[in-house]
Structures are given as C-alpha cells and as structure tokens.
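# Structural description and commentary
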Amino acid sequence: KKNIQIAIDGPAGAGKSTIAKIVAEALDFTYIDTGAMYRAVTYKAMQQNIHLDDEAKLAEMLAASTIDLKPSPQGQLVFLDGHNVSADIRSNEVTSSVSQVAAHAKVRELLVAQQQKLAANGGVVMDGRDIATHVLKNAELKIFMSATVEERARRRFIDNQKRGIDSSLEKLQEEIALRDKKDSEREASPLIQAEDAIFLDTTALSIDDAAQAILKLAEEKM
Ligand code: C5P
C-alpha cells in the first residue's frame, strides 16, 4: 500500500475535520488540520494586540513562533510556543477574525511551507481551504466537501453546544456565510474547488457514509 496524500478542502462546517479524522484513523495516516494553524496565529496576534491588518507584523510574529499539531485520544491538540491552545483557538473571537489573518500572503507562505514539510512523506489527510490548489498540488486524492449553509450552521450549533459555547443558529449562519465569502473572495489562495478534485456534498450524508465514500476512493489510489 502507498502512503498517499489526501487533500480535503471546503467551506466552514462542511464536516471536513470530523470526516478527515475518521479517514486518517482507518488508514493509519496522520491527520493535519491546517485551519488550526491559522487559528493559532490569530489567537496569538490578538493576545499580543497586533493589528490583524498588519501583514508584516503578523509575519514577523509567526516567524518567531512554533505551532505543533499533536494527535491525542481526544483528537488533535494544538500547541503554540509549547502551550496547549486547543480550546482557545475555537473561541468566537478567533473564529470571527481568522479569515482576516488568513488573507495575508506572507502569513500563508510561512504556514504553507510548514504544511508541505508535514506532508512530505505522505500518509496524510490534510484539510483546509487551499490544500488541493496550493499546498499539495500533487496529492493523489483531492476532495472538495460542501453542504448547504443551513446544514453547516446546524452542525456548528450542535458542535458548540457540546463544547459548552453559547450560540444562535441565525448568527452562526450569518457568520459562516461571511467567513465563506471572505475565504472565497480573497486574492491569496482563495477557497475554490481544484479542477482535479472530486465534489462531495455532505448535506444528506451521515459522517460515516462520507468517510466510507472517501475511503473507497483512497483504496483505488493506494
Ligand atoms: O477549518 P477552520 O474553520 O478551522 O479554518 C479557519 C479559517 O482558517 C478559515 O475560515 C480560513 O480563513 C483559514 N484557512 C485558510 N486556509 C486553510 C485552512 C484554513 O485560509 N488551508
């Protein structure tokens, strides 16, 4: 069996991370959540009162930071400069600001280099917005995962409830739509389906069915 690269892109709340984790586990591959890296940068910038439009300052801060992704039984943990920030990076404040930080080409350049290093030996499932189009252009399997915005908001709502985060369904839908718009319309590596990616609509699919569909495609490439 080959240690292939699997790239999964799509808008917020499409089920990428949940499904990517299941696929990675089934194949004994490493799961890499690139959104967590953009979130960690955003979190640190907010902590340090760096203006989120200040691309040079953000890049300088990032160059002097370490972001580590570590698998654990509770899912992937994110360490920023040695501290576990896994919960902090999921706050509403970070979520609503991350697209602003991710729009900067210099920030992306630094994170993309790290992501490419992590995936260099294959055996990875990486999810994000630009994995198939920029980070892993030669990935053996590319999936573009989406679902209606209503369904994606509903999933985030349930997710938040489980995490103990208060939210309103209507606000979540607005927030998701706005984040998608920012991610799709930015100049640097916008969210877009790669030409050679397979479209997977998860609106009416269970998590398990979506994972099985990807596993079947992966087996064909291995
Ligand atoms: O996947 P998640 O919702 O955690 O991603 C948070 C944000 O990080 C996205 O809305 C997007 O702005 C940014 N992102 C990105 N490129 C990636 C992954 C995430 O721009 N590869």
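Please read these numbers as outputs of a predicted model, since none were measured by experiment.

Let's shift gears to the packing of aromatic side chains. Applying the stated rule across the entire model yields one aromatic pair. Look at Phe144 and Phe199: their rings are 6.3 Å apart centre to centre, the planes differ by 20°, and that puts the pair in the stacked class. On the criterion of sequence distance, the pair formed by Phe144 in strand β7 (residues 141-146) and Phe199 in strand β8 (residues 198-201) is long-range, its members being 55 residues apart. When its relative accessible area of 10% is taken as the criterion, Phe144 is described as buried.

Now for the packing of helix α4 (residues 92-102) against helix α8 (residues 169-185). Running from N to C, α4 and α8 point in directions that differ by 15°, and their axes come no closer than 9 Å. In terms of orientation, α4 lies roughly parallel with respect to α8. As for the relative orientation of α4 and α8, their crossing is left-handed in sense. In this structure, α4 uses Thr95, Ser96, Val98 and Ser99 to contact α8, whose residues at the interface are Glu175, Arg179, Lys182 and Asp183. Residue classes in the contact of α4 with α8 are distributed as one nonpolar, three polar and four charged.

Attention now moves to the UniProt feature "binding site: ATP" in the chain. UniProt records the feature "binding site: ATP" at Gly10, Pro11, Ala12, Gly13, Ala14, Gly15, Lys16, Ser17 and Thr18, using the numbering of this structure. With respect to the helices, strands and loops of the structure, Ala12 is situated in the loop between β1 (5-9) and α1 (16-27). When residues no more than four places from it in sequence are discounted, the contact partners of Ala12 are Arg129, Arg152, Arg156, Ile176, Arg179 and Asp180. Structurally, the position occupied by Lys16 is in helix α1. Not counting the four nearest positions on each side in its chain, Lys16 is found in contact with Ile8, Asp9, Gly10, Pro11, Asp127, Gly128, Arg129 and Met145. Here Gly10 takes part through its backbone oxygen, which lies 3.0 Å from a polar atom of the side chain of Lys16.

A few words now on the confidence of the model for the chain. Detailed reading of the predicted coordinates is not advisable wherever pLDDT falls low. The predicted model of the chain has a mean per-residue pLDDT of 95, with 100% of residues at 70 or higher. With a pTM of 0.95, the predicted complex shows an ipTM of 0.98.

So, how was this worked out
Residues numbered from 1 in each chain as written. Predicted model: local features only at pLDDT ≥ 70, side-chain atom pairs only at ≥ 80, totals over all residues. Heavy atoms only, no water. Phe/Tyr/Trp six-rings, centres within 6.5 Å; stacked < 30°, edge-to-face > 60°. Helix = DSSP H or I, 4+ residues; strand = E, 2+ residues; numbered from the N terminus. Buried < 20%, exposed > 50% of the residue type's maximum accessible area, 1.4 Å probe, protein only. Axes fitted to C-alpha atoms, helices over the stretch in contact; angles between N-to-C directions. Parallel < 35°, antiparallel > 145°, perpendicular 65-115°, else oblique. Left-handed = near helix turned anticlockwise from the far one by under 90°. Contact = heavy atoms within 4.5 Å. Nonpolar A, V, L, I, M, F, W, Y, C, P; charged D, E, K, R; others polar. UniProt positions renumbered as here; feature names shortened; annotations may be inferred. Polar contact = N/O pair within 3.5 Å; in protein donor to acceptor, adjacent residues only side chain to side chain. pLDDT = per-residue confidence, 0-100.

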